[in-house]
Amino acid sequence: ADTQMLHVDNSGGTPGQRLHGNPMFVGRALSLFGLEFIALAVGMVKGALDEYEQLITTRTTHRPPIVLRSHDPDYQRWYGHARAKVDTAEAAMFSAADQYMEACRRQVEDGIAFDVEEDLRLQSITRESVRLCWDALQEYVFRTAGSSAAHDGQRMQRIWRDMSMVWGHLASVIGDWAARGMATEHFAVESEGSGPRNV
């Protein structure tokens, strides 16, 4: 009842790992939660880019020269920036997932602890990846998609609303808490206020 989820002792393995014989079941919670969030975020923003592509290849600009938006240098740049950010987030997601599985394997097979610092480090990668997705959506896609895309019930509006929930969750105090916790774990100091070693 008094256990903090970041400090569950997994050094001797876990019931799930023993039952299934799979190192994944010795993993830590916070980085796994972050991996779930980034998978959702990447999928949502890829969906928003699909919607954006549909919009800019079928609608024209509002000011001369009147051309398809996909032929306009501004829309091309906005799409390119957004695509680069979500592609980078996806690459970081796959890398973090590989590192998570490797940390689980090392603990089971090599006896190298998957510790709190590693958990917070991987969670921080996922948080920064979600930030890239949020920036792609907010700064480039949603802002330039046009007001009709923001109406209730429109696909773009639903994606923006759902992504706002993900971003609000990870960008809230948990982001600063986890970043500070990673540093206090690394330097082996007690954090002041709420942190992984003092909640």
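Residues numbered from 1 in each chain as written. Predicted model: local features only at pLDDT ≥ 70, side-chain atom pairs only at ≥ 80, totals over all residues. Heavy atoms only, no water.

Undergrad: Would you explain the nonpolar core in this entry?
TA: For soluble globular proteins, the rule of thumb is that nonpolar side chains tend to be buried together. If you look at the biggest cluster of nonpolar residues, it comprises 41 residues, and the most contacted ones within it are Ile-38, Tyr-52, Cys-133, Leu-137, Met-156 and Met-163. Of all elements in the fold, only helix H2 (29-58), helix H3 (73-110), helix H4 (116-144) and helix H5 (155-171) reach the threshold of two or more residues within this core. Excluding residues that lie within four positions of it along the chain, Tyr-52 makes contacts with Tyr-75, Trp-78, Tyr-79, Tyr-140, Val-141, Thr-144, Ala-145 and Met-156. Grouped together as the second largest cluster of nonpolar side chains are five residues, Leu-30, Leu-120, Trp-177 and Ala-178 included. (Core = buried A, V, L, I, M, F, W, Y, C linked by side-chain atoms within 4.5 Å. Buried < 20%, exposed > 50% of the residue type's maximum accessible area, 1.4 Å probe, protein only. Helix = DSSP H or I, 4+ residues; strand = E, 2+ residues; numbered from the N terminus. Contact = heavy atoms within 4.5 Å.)

Undergrad: Whenever I open this one, a nonpolar patch on the surface confuses me. Can you help?
TA: Nonpolar side chains collect at one region of the surface, where Met-24, Phe-25 and Met-101 lie side by side and expose about 250 Å² of accessible area between them. Here Phe-25 is to be found in the loop between helix H1 (15-20) and H2. For Phe-25, a relative accessible area of 34% gives the class partly exposed. (Patch = residues over 30% accessible without salt bridge, like charges linked within 9 Å, V, L, I, M, F, W, Y side chains within 5 Å. Areas by Shrake-Rupley, 256 points an atom, 1.4 Å probe, with all protein chains shown as cover. Salt bridge = Lys/Arg side-chain N within 4 Å of Asp/Glu carboxyl O.)

Undergrad: Would you take a moment to explain H3 for this structure?
TA: Here H3 spans 53 Å end to end across 38 residues, near enough to the 56 Å set by a 1.5 Å rise per residue. The opening residue of H3 is Asp-72, an N-cap whose side-chain oxygen sits 3.0 Å from the backbone nitrogen of Asp-74. Phi turns positive, to about 70°, at Gly-111, one or two residues after H3. (Expected span 1.5 Å × (residues − 1). Polar contact = N/O pair within 3.5 Å; in protein donor to acceptor, adjacent residues only side chain to side chain.)

Undergrad: I would appreciate a short explanation of the packing of aromatic side chains in the present structure.
TA: Any aromatic ring pair is given by two values, namely how distant the centres are and how the planes are angled relative to each other. Counted according to the given criterion, the structure contains five aromatic pairs. Pairing Tyr-75 with Trp-78 gives two aromatic rings, centres 4.9 Å apart and planes at 80°, and the pair type is edge-to-face. Here the residue Tyr-75 and the residue Trp-78 both occupy positions in helix H3, the gap between them amounting to three residues, near one helical turn. Per residue, the accessibility class of Tyr-75 equals that of Trp-78, and both read buried. Ring geometry for Phe-142 against Trp-160: centres 5.1 Å apart, planes inclined by 15°, an arrangement best described as stacked. One end of the pair, Phe-142, is in helix H4; the other, Trp-160, is in helix H5, with 18 residues separating them in the sequence. Trp-160 sits in the partly exposed class, given a relative accessible area of 27%. Through a chain of ring-to-ring contacts, three or more aromatic side chains come together here, namely Trp-134, Phe-142, Trp-160 and Trp-167. Lying across the ring of Trp-78, Arg-143 places its NZ or CZ 5.6 Å from the centre. (Phe/Tyr/Trp six-rings, centres within 6.5 Å; stacked < 30°, edge-to-face > 60°. Lys NZ or Arg CZ within 6 Å of the ring centre and 35° of its normal.)

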